[in-house]
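Commentary on secondary and tertiary structure
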Amino acid sequence: MDVSYVNPFINATLTWVKNMVGVEAKTLAPQLKRPPFPHYDISGVIGLSGGAAGSISFGFPMQSAVAIVSKMIQAPIKEDDADLIDAIGEIVNIVAGFAKRDLTHLNLSISLPNVILSNHILAGLSGAPTIVVPFTCPLGSFAMEVSLKTN
Amino acid sequence: MKVLLVDDSVTMRRIQKTQIGTLGITDILEAGDGQEALEKLKANMPVDLVLLDWNMPVMDGITFLKTARADAAFKDVKIIMCTSESEKSRVVEALKSGANNYIIKPFTPEALKEKLGL
Ligand SMILES: [Mg+2]
């Protein structure tokens, strides 16, 4: 399976954490998503279309989301704050937009972000494998899920 | 110095406001889309600097840029695109349409200050 398209998203994530959160993130080995699926408390999802179709998501445990966003905006944020939802949406937006630069051959368009709350799993595009990439940073862990099917 | 932050994300405007605020600039206006930005610009001239997102609802950044540049009243307003739309063709289009500079999200606080010329 060709997972080279995942690398631009990994690089974009590492750059986002370094530049805008101000800490270093590490990636653990990417895995093909298989049951039991990981659970998240808050996720940001963006649809990808064009020369390929799919989605990119970030799933966070609540504690990580609160710590990372608080550091990013340099102000404490609470888990029920509407700005937390905006922030998670903007994070996935920034990463998807930045990754597009290295995927110009796919001519990708990105959708507006959606944010999912409460304990959940993310379902991928049927027919396309989903790659799960776990990240850790000093503020907590989170995961990226990328599913992309070339047309 | 008066700055107008244009981005549909409250988070992004908050980050920019904090980072610009550390430079002692407190005269900061905000708009959530290009249409609102044009209204704020007209009502608050002279504005020195606009920090402009690309993808926004109602009116996007490039439309705002072209509209503002077509109006002589705003010729001295410095407009910096601040967007993750980082493909070369996009950068070229923005600069051709009258943007003074371009900064790519995700940016560091230092890069933002440098691109703003502050
Ligand atoms: Mg935007």
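Structure's up top.
Residues numbered from 1 in each chain as written. Chains lettered and ligands numbered in written order. Predicted model: local features only at pLDDT ≥ 70, side-chain atom pairs only at ≥ 80, totals over all residues. Heavy atoms only, no water.

1. Notes on the overall build of chain A
Helices and strands together make up the secondary structure of chain A, namely three helices and eight strands. When the helices and strands of chain A are listed from N to C terminus, the series reads α-β-β-β-β-α-α-β-β-β-β. Considering only C-alpha atoms, chain A reaches an extent of 45 × 30 × 30 Å along its principal axes. Each of the 151 residues in chain A was classed as buried or not, and the buried ones make up 49%. For chain A, contacts bridging at least 24 residues in sequence account for 70% of all contacts bridging at least 6. As displayed, chain A has an accessible area near 6,800 Å², and 54% of this comes from carbon and sulfur atoms. (Helix = DSSP H or I, 4+ residues; strand = E, 2+ residues; numbered from the N terminus. Buried < 20%, exposed > 50% of the residue type's maximum accessible area, 1.4 Å probe, protein only. Contact = heavy atoms within 4.5 Å. Areas by Shrake-Rupley, 256 points an atom, 1.4 Å probe, with all protein chains shown as cover.)

2. Details of the sheet that holds strand 4 (residues 78-83) of chain B
All names here are of chain B. With respect to topology, five strands assemble into an open sheet ordered 2-1-3-4-5, the strand pairing being parallel. The sheet is open, and its two borders are formed by strand 2 (27-31) and strand 5 (101-104), each paired with just one other strand. Ignoring strand direction, the axes of neighbouring strands in this sheet form an average angle of 20 degrees. In the sheet, strand 4 pairs with strand 5 via four bridges, with the strands oriented parallel. Looking at strand 5, one finds that Cys82 is bridged to Ile103. Running at roughly 175 degrees to strand 4, helix 3 (residues 61-69) makes contact with strand 3 (49-52) and strand 4 of the sheet. (Pairing = 2+ DSSP bridges. Axes fitted to C-alpha atoms, helices over the stretch in contact; angles between N-to-C directions.)

3. Considerations on the nonpolar core
With 62 residues, the main nonpolar core has Trp16, Ile56, Phe58 and Met144 of chain A together with Ile20 of chain B as its most contacted residues. Per-element tally for this core: the top contributor is helix 3 (residues 82-100) of chain A, with ten residues. Sequence-distant contacts of Phe58 of chain A, that is, excluding residues within four places in its chain, are made with Thr13, Ile42, Ser43, Gly44, Ile91, Val92, Val95, Phe142, Ala143 and Met144 of chain A. With 25 residues, the next largest nonpolar core counts Leu4, Met59, Ala68 and Ala99 of chain B among its residues. (Core = buried A, V, L, I, M, F, W, Y, C linked by side-chain atoms within 4.5 Å.)

4. Re the packing of helix 1 (residues 6-21) of chain A against helix 3 of chain A
Residues and elements named next belong to chain A. Remark: helix 1 packs on helix 3, axes separated minimally by 8 Å, with the N-to-C direction vectors making an angle of 125 degrees. As the angle between them shows, helix 1 and helix 3 are arranged oblique. In terms of crossing hand, the pair formed by helix 1 and helix 3 is right-handed. Within the contact between the two elements, helix 1 uses Pro8, Phe9, Ala12, Thr13, Thr15, Trp16 and Met20 and helix 3 uses Ile91, Ile94, Val95, Ala96, Phe98 and Ala99. (Parallel < 35°, antiparallel > 145°, perpendicular 65-115°, else oblique. Left-handed = near helix turned anticlockwise from the far one by under 90°.)

5. Here we look at the packing of aromatic side chains
Residues and elements named next belong to chain A. Tallied over the full model, the rule gives six aromatic pairs over all chains. The interplanar angle of 25 degrees and the centroid separation of 5.3 Å between the aromatic rings of Phe60 and Phe142 together place this pair among those described as stacked. With a gap of 82 residues between them, Phe60 in strand 4 (residues 52-60) and Phe142 in strand 8 (residues 140-150) connect regions that are remote in the sequence. Residue classification places Phe60 among the buried residues on the basis of a relative accessible area of 0%. The rings of Trp16, Phe58, Phe60, Phe135 and Phe142 are connected pair by pair, giving a single aromatic cluster. A cation over a ring is seen here: Lys33 above Phe37, with NZ or CZ 4.9 Å from the ring centre. (Phe/Tyr/Trp six-rings, centres within 6.5 Å; stacked < 30°, edge-to-face > 60°. Lys NZ or Arg CZ within 6 Å of the ring centre and 35° of its normal.)

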